[in-house]
Amino acid sequence: GYRLLDLNSTNGTFIGELRIKEVFLRPGLTFRVGHTELRFLPLQEVVEIPLSQRDRFDSVLGSSIKMREIFATLEKVAPSDLTVMLTGETGTGKELVARGIHNLSGRRKGPFVVLDCGAIPRELMESTIFGHEKGAFTGAVSQQRGCFEQAQGGTIFLDEIGELPLELQPKLLRVLENRELKRVGGDKVI
């Protein structure tokens, strides 16, 4: 079957008025995650994407069947405005793939901004990502654009996103879902 597991979310997962931690889902079941209501409908069909005819995707090379499957998916994703999540071990080429998506997208003329979330001190993370207004905190002597603003019209690649502090994740989700943010110390929606 299909198992729904709440990993100690802040807003909770509910079926009716009952907050749940784990449940096996049946088709058609409606549940709520925070304030969002979802209906579970499993796909009955398998979507097959034909193999790419190429043995490269931008600067990523590979001729195996698996790589050509990946290239075919990337070729479909690159021209879209979808948010893409790339997963894999360190050193597997996630940044190269992200750059390839950027280079083959309609955003290629815009900036490609890389943010290594694991390399930023915890206390500077929010300001680095969202920017800050002058006087927002000690040392904020001028307004600073965050990496999302810097990537406007282009692509942002958030590397090691699992290193983000838990309290920043709802703000990041808002940016990804609504395409809007507020700088630290600011009240203007950008």
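Refer to the structure above for everything that follows.
Before going into details, it helps to say that this report is about the structure given with it. This is a predicted model, so every value here is computed, not measured.

## So, the nonpolar core
The biggest cluster of nonpolar side chains holds 16 residues, and the ones touching the most others in it are Leu-115, Met-125, Ile-129, Phe-148 and Leu-164. Contributing elements (two or more residues each) for this core: strand E9 (112-116), helix H3 (125-130), helix H4 (147-150) and helix H5 (169-178). Top element by residues in this core is H3. It accounts for 3 residues. Ignoring any residue separated from it by four or fewer positions in sequence, one finds Phe-148 in contact with Ile-129, Ile-156, Leu-158, Leu-172, Val-175, Leu-176 and Leu-181. Counting 7 residues, the second-largest nonpolar core is a separate cluster that includes Phe-71, Leu-74, Ala-78 and Ile-101.

## Brief notes about the pattern of salt bridges
Using the criterion set out here, one finds 10 salt bridges in the structure. Ionic pairing is found between Glu-75 and Arg-54, a salt bridge with its closest N-O pair at 3.3 Å. In this pair, Glu-75 sits in helix H1 (residues 65-77) while Arg-54 sits in the loop between strand E6 (36-39) and strand E7 (56-57), placing the two residues 21 residues apart along the sequence. For Arg-54, a relative accessible area of 52% gives the class exposed. Between Arg-122 and Glu-167 there is a salt bridge, with the nearest N and O atoms lying 3.4 Å from each other. Of the two residues, Arg-122 is situated in the loop between E9 and H3 and Glu-167 in the loop between strand E12 (155-159) and H5; the sequence distance between them amounts to 45 residues. For Arg-122, a relative accessible area of 55% translates into the label exposed. Classification of Glu-167 as exposed rests on a relative accessible area of 51%. Several salt bridges converge on common partners, so that one network encompasses Glu-133, Glu-149 and Arg-183.

## Observations concerning unusual backbone geometry
If you check the backbone angles, Asp-58 has positive phi at about 55° while not being a glycine. Looking at where Asp-58 falls in the secondary structure, it is placed in the loop between E7 and strand E8 (60-61). In this structure Asp-58 comes out as partly exposed when scored by relative accessible area, which is 28%. Even without a glycine there, the phi angle at Glu-160 is positive, about 55°. Here Glu-160 is to be found in the loop between E12 and H5. Since its relative accessible area comes to 33%, Glu-160 is described here as partly exposed.

Analysis parameters
Residues numbered from 1 in each chain as written. Predicted model: local features only at pLDDT ≥ 70, side-chain atom pairs only at ≥ 80, totals over all residues. Heavy atoms only, no water. Core = buried A, V, L, I, M, F, W, Y, C linked by side-chain atoms within 4.5 Å. Buried < 20%, exposed > 50% of the residue type's maximum accessible area, 1.4 Å probe, protein only. Helix = DSSP H or I, 4+ residues; strand = E, 2+ residues; numbered from the N terminus. Contact = heavy atoms within 4.5 Å. Salt bridge = Lys/Arg side-chain N within 4 Å of Asp/Glu carboxyl O.

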